[in-house]
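Fold and contact review
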Amino acid sequence: MIGRLRGSLLEKQAPEVLLEVSGVGYELQLPLSCFCELPEVGTEVILYTHFVVREDAQLLYGFITKQERALFRLLIKTNGVGPKLALTILSGMSASEFVTCVERDDVVTLVKLPGVGKKTAERLLVEMRDKLKALLEASVGSEREFVLQTNYAPEPVANSAEEDAISALLSLGYKPAQATKAVAAVYVDGMDSGALIKSALKAML
């Protein structure tokens, strides 16, 4: 089991990153909530990981804190929720926001996330209610562990922040029209892709 990686951030293309550790490049998928918190390319970073082995693939998921990873692991234990849907849920809301949904039986907010139908939302609320204490612990006291930036000069990014943000939303399952409209509604000159993704996600909830 790969539980934690520390290395240089070589590439970022939401929701995936390439992390070089001792000469080996690891491809990881991150929730957008974590992706938006990443430092610049070329920086050394620490990520907590969850390794999934399937018949057709081996997938590595990354998180900035142990608490976020703990929540991801709780989510994938829910009936009908796989890693992809758990990633979508954690991309669309923070751990504390998810806890609030559970406390308030807020089906309406959950069904706004792509891939979460009414039955799945209701199942999440029922099954997660019993695990609420663990979720509350997972949602507080989170600290981002970053190492100081190196002198590495990243290559110019070809895509604009708007294109990156739309691409990230499409990867979560949002429809092209939804993604484009949300990004256009919140875009302000000078916004980077991380801030734009975060604002667009909030606008859709």
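Refer to the preceding data block for the structure.
These remarks concern the structure in this document. (Residues numbered from 1 in each chain as written. Predicted model: local features only at pLDDT ≥ 70, side-chain atom pairs only at ≥ 80, totals over all residues. Heavy atoms only, no water.)

**Notes on the overall build of the chain**
- A tally of helices and strands in the chain yields ten helices and five strands.
- Within the chain, the fraction of its 205 residues that count as buried is 44%.
- Within the chain, contacts between residues separated by at least 24 positions form 60% of all contacts whose residues are at least 6 apart in sequence.
- Element-wise, carbon and sulfur atoms account for 50% of the exposed surface of the chain, whose accessible area totals about 10,800 Å². (Helix = DSSP H or I, 4+ residues; strand = E, 2+ residues; numbered from the N terminus. Buried < 20%, exposed > 50% of the residue type's maximum accessible area, 1.4 Å probe, protein only. Contact = heavy atoms within 4.5 Å. Areas by Shrake-Rupley, 256 points an atom, 1.4 Å probe, with all protein chains shown as cover.)

**Looking at the pairing of strand E2 (residues 16-21)**
- Two elements, strand E1 (residues 4-13) and E2, share five bridges in a ladder whose sense is antiparallel. By the bridge assignment for E2, Ser-8 is matched with Glu-20.
- Hairpin connection from E1 to E2: two residues lie between these consecutive antiparallel strands.
- For E2 and strand E3 (residues 24-29), the ladder comprises six bridges, and the chain directions are antiparallel. Bridging from a neighbouring strand, Leu-18 pairs with Glu-27 of E3.
- If you look at the hairpin formed by E2 and E3, you'll find two residues sitting between the two strands, and Ser-22 has a positive phi there, around 50°. (Pairing = 2+ DSSP bridges.)

**Considerations on the side chain of Thr-120**
- Structurally, Thr-120 can be placed in helix H6 (residues 118-129).
- Relative accessible area serves as the criterion here: at 15%, Thr-120 is assigned to the buried category.

**A short note on the packing of helix H8 (residues 161-172) against helix H9 (residues 176-186)**
- Taken N-terminus to C-terminus, the directions of H8 and H9 make an angle of 140°; their axes are 9 Å apart at the nearest point. One finds that H8 runs oblique with respect to H9. Here the hand of the crossing between H8 and H9 comes out right-handed. Mapping the contact onto sequence places Glu-162, Ala-165, Ile-166, Leu-169 and Leu-170 in H8 and Pro-176, Ala-179, Thr-180 and Val-183 in H9.
- Here the residues of the contact of H8 with H9 are counted per class, giving seven nonpolar, one polar and one charged. (Axes fitted to C-alpha atoms, helices over the stretch in contact; angles between N-to-C directions. Parallel < 35°, antiparallel > 145°, perpendicular 65-115°, else oblique. Left-handed = near helix turned anticlockwise from the far one by under 90°. Nonpolar A, V, L, I, M, F, W, Y, C, P; charged D, E, K, R; others polar.)

**Considerations on H6**
- The terminal C-alpha atoms of H6 lie 17 Å apart, and with twelve residues this matches the ideal 16 Å at 1.5 Å per residue to within 8%.
- Along H6, the residues that are buried comprise Thr-120, Ala-121, Leu-124, Leu-125 and Met-128. For H6, the angular spread of the buried residues around the axis is 135°, confining them to a single face. The exposed residues of H6 that point more than 90 degrees off its buried face are Lys-118 and Lys-119. (Expected span 1.5 Å × (residues − 1). Arc of directions from axis to C-beta.)

**Overview of the environment of Gly-173**
- Here Gly-173 lies in the loop between H8 and H9.
- On the basis of relative accessible area, Gly-173 is assigned to the partly exposed category, the value being 46%.
- Residues Gly-173 and Thr-88 lie 85 residues apart in sequence; the distance between their C-alpha atoms is 8.1 Å.

**Let's talk about the pattern of salt bridges**
- Inspection of every chain in the model, using the stated rule, returns three salt bridges.
- A salt bridge links Arg-6 to Glu-44; the nearest nitrogen and oxygen atoms lie 3.8 Å apart. Placement of Arg-6 in strand E1 and of Glu-44 in strand E4 (residues 44-53) is noted, with a sequence separation of 38 residues between them.
- For Glu-44, a relative accessible area of 28% translates into the label partly exposed.
- A salt bridge links Asp-56 to Arg-54; the shortest N-O distance between them is 3.0 Å.
- Given a relative accessible area of 61%, Asp-56 falls into the exposed group. (Salt bridge = Lys/Arg side-chain N within 4 Å of Asp/Glu carboxyl O.)

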